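Each chain, written out:
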Amino acid sequence: MRLWIPAIRALAVLVFFACWELFPRLGLVNPALLPTFSEVVSTLWGLLSRPKVQDSIFITAAEVLLAFAVAIPVGTILGVIIAENQYIGAIFRPILFYVFSIPKSIFLPMFILVFGISFTQKVAYAAFTTTFVVLMSAAACVESVKEEFLLVARSYGATRMQLLMRVYLPSMLPMLLEAIRIAMIFNFTGVMIAEMYASRTGIGHLIAGWGENFQMPQLFAGILLLSIIAIIFNESIRILEERFSTWRTT
Amino acid sequence: MENDVTSGPSRDYALQTKGLTHIYRGVQGEVQALSDINLVVEAGKFVVIVGPSGCGKTSLLMMMAGLRQQTSGELLCLGRPMDKPDPSRVGVVFQEASLYPWLTATENVAFPLSIRGDDKAASRQRAREMLALVGLNGFEERFPHELSGGMKQRVSIARGLAQDPPVLLMDEPFAALDEQTRMTMGHELLRIWSTTSKTVVFITHSLTEAVYLADEVYVMSARPGRLIDHVEVNLPRPRTYEMMATEQFGMLRERIWQQIRMGH
């Protein structure tokens, strides 16, 4: 890539934060609606030392990770079955596409009725939304393994295990990491929506509360915190993805 | 069929089929892909099976490789049935793009050896030798996407030869190449074949390629695939590009074309 592209990109980000700092100061936007960047950062710093915020971060993180730990294996197993068994695939694939098109958030009240406003409800709802994404991606991953790749290995007498480790896994790896990354975005969103809709704890709950009470520096601090966490996770998987996908240029 | 095969199993035949039939059962229902295929391939011969697209040539090759089982009839490879893939008897060169893009040329060629559980250093050594044989010195550490179409198929051939099987099956290996590369590769293949004394079964839908490469050509009709002709190609070896302009070449090509046209 040409050198000036990242340079201009960095500049654009810098300009964004500079505008954020200057516009409220200069009165170009209402400081009551948009606190300055420096004020948001110092608010965030203060919030991070409060036990209530720390507990919320911990709970949200637990919800996100647990939902992820449920959705990934369940979605993967279902996706592989759909992709591997042509009959099950032919029967259920269209149905799954119908269900996939439905916005999952409309089921949130159902989850509250079943699980109550609880930790379990957040995890269940996020896992539910994420499973569909994982299922679709897993099926696509398996189908991305070219028939020829399998034929070649089988013609040389590869065992099922060799097929899995030597053909399926390396062939799917770049797409698999991409799928995990996208699943995490859905998963995080699921937890946030559930927390903001109805909750007693969690970052989403805090953000919703700050918004309702017009505590703008806190609200933006929360947004900043979540953005940083999401970007860090996303980028670490993306770096792995790039490492394993150098051959994907074909 | 003029040369009907009536003799019993023989070890002189690298491949032999009797009444071979294949019915494909899929979600869409049953399709008869092959019907009553009787053919023999003598050891050391270069035999080409030619036919229109969808005539079941690939099905036939899959059965010869032990990758698919016949619905009825018999198939013997070196006197024994192929009820599962057996790389010690048969190596397969697939249609283009069957190389593993995450492996280098050497690793791709060594792949069959590593599946067999060979020593890693010995496998790499053998892979390098095979790459040298197909004229790819200096490209050992390249990835497939760094190689041209012709080079990729050279790697595929090297991979097919890696386990040193007596029979090499080739499924339209040059179909995706441009005309010039295809001619060069055909010529190269004959050179490699003459130095390795393998039995080759080569599938194509190109009549020129068939006549240029083959000792014998089996002609197949469209679905269900049947053998409709068996042609001996009596052109001398080594084959040269000039032979394609000869009357004999033209007549052989014309005869196969007539058969395929009438077989529709």
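Keep in mind it's a predicted model, so treat the numbers as computed, not measured. (Residues numbered from 1 in each chain as written. Chains lettered and ligands numbered in written order. Predicted model: local features only at pLDDT ≥ 70, side-chain atom pairs only at ≥ 80, totals over all residues.)

Novice: Would you take a moment to explain the domain arrangement of chain A for this structure?
Specialist: One can read the domain layout of chain A as domain 1 (1-34) and domain 2 (38-249). On a C-alpha basis, the centroid separation for the pair domain 1 of chain A and domain 2 of chain A is 30 Å. (Domains from an automatic or database assignment.)

Novice: Where do I start with the sheet that holds strand β4 (residues 72-77) of chain B in this structure?
Specialist: Working definition: the strands of a sheet are paired by backbone hydrogen bonds and lie parallel or antiparallel to each other. Residue and element names in this part refer to chain B. On the basis of which strands lie adjacent, the open sheet formed by four strands has the order β2-β1-β4-β5 and antiparallel pairing. Two strands lie at the open edges of the sheet, namely β2 (29-42) and β5 (80-81), each paired on one side alone. When strand β1 (residues 13-26) meets β4, the two strands line up antiparallel, connected through five bridges. Residue pairing in the sheet places Lys18 in a bridge with Glu74 of β4. (Pairing = 2+ DSSP bridges. Helix = DSSP H or I, 4+ residues; strand = E, 2+ residues; numbered from the N terminus.)

Novice: For this particular structure, what's the right way to read helix α8 (residues 160-197) of chain A?
Specialist: An α-helical turn contains 3.6 residues, so any two residues separated by three or four positions project in the same direction. The end-to-end C-alpha distance of α8(A), which contains 38 residues, comes to just 47 Å, noticeably less than the 56 Å that a straight helix rising 1.5 Å per residue would cover. A:Leu173 marks the point of greatest bend in α8(A), at about 55°, and the proline A:Pro174 comes within the next four residues. (Expected span 1.5 Å × (residues − 1). Bend = angle between axes of the 7 residues up to and from the residue.)

Novice: Help me understand the environment of B:His230 in this model?
Specialist: By secondary structure assignment, the location of B:His230 is in strand β10 (residues 227-232). Overall, the presence of 19 C-beta atoms within 10 Å leaves B:His230 in the partly exposed class. (Buried ≥ 20, exposed ≤ 12 C-beta atoms within 10 Å, placed from the backbone.)

Novice: How should the packing of helix α2 (residues 105-116) of chain B against helix α3 (residues 120-133) of chain B be read in this particular structure?
Specialist: Any two packed helices are characterised by the angle at which their axes cross and by the distance between the axes. Residues and elements named next belong to chain B. At a minimum axis distance of 8 Å, the contact between α2 and α3 shows a crossing angle of 120°. The pairing of α2 with α3 is recorded here as oblique in orientation. Of the two elements, α2 crosses α3, and the hand of that crossing is right-handed. Between α2 and α3, the contacting residues are Ala105, Thr106, Val109, Ala110, Leu113 and Ser114 on the first element and Ser123, Arg124, Arg126, Ala127, Arg128, Met130 and Leu131 on the second. Class assignment for the residues of the contact of α2 with α3 results in seven nonpolar, three polar and three charged. (Axes fitted to C-alpha atoms, helices over the stretch in contact; angles between N-to-C directions. Parallel < 35°, antiparallel > 145°, perpendicular 65-115°, else oblique. Left-handed = near helix turned anticlockwise from the far one by under 90°. Contact = placed C-beta atoms within 7 Å. Nonpolar A, V, L, I, M, F, W, Y, C, P; charged D, E, K, R; others polar.)

Novice: What is the right way to look at the nonpolar core in this model?
Specialist: Most often, soluble globular proteins have nonpolar side chains that are buried together. Formed by 85 residues in total, the largest nonpolar core has its most connected members in B:Met64, B:Val109, B:Leu169, B:Val201 and B:Val217. Those residues in contact with B:Val201 that sit more than four places away from it in its chain are B:Leu15, B:Val41, B:Val47, B:Ile49, B:Leu61, B:Met64 and B:Leu169. Core analysis: the second largest hydrophobic core is formed by 34 residues, A:Ala127, A:Cys141, A:Ala183 and A:Val191 among them. (Core = buried A, V, L, I, M, F, W, Y, C linked by C-beta atoms within 7 Å.)

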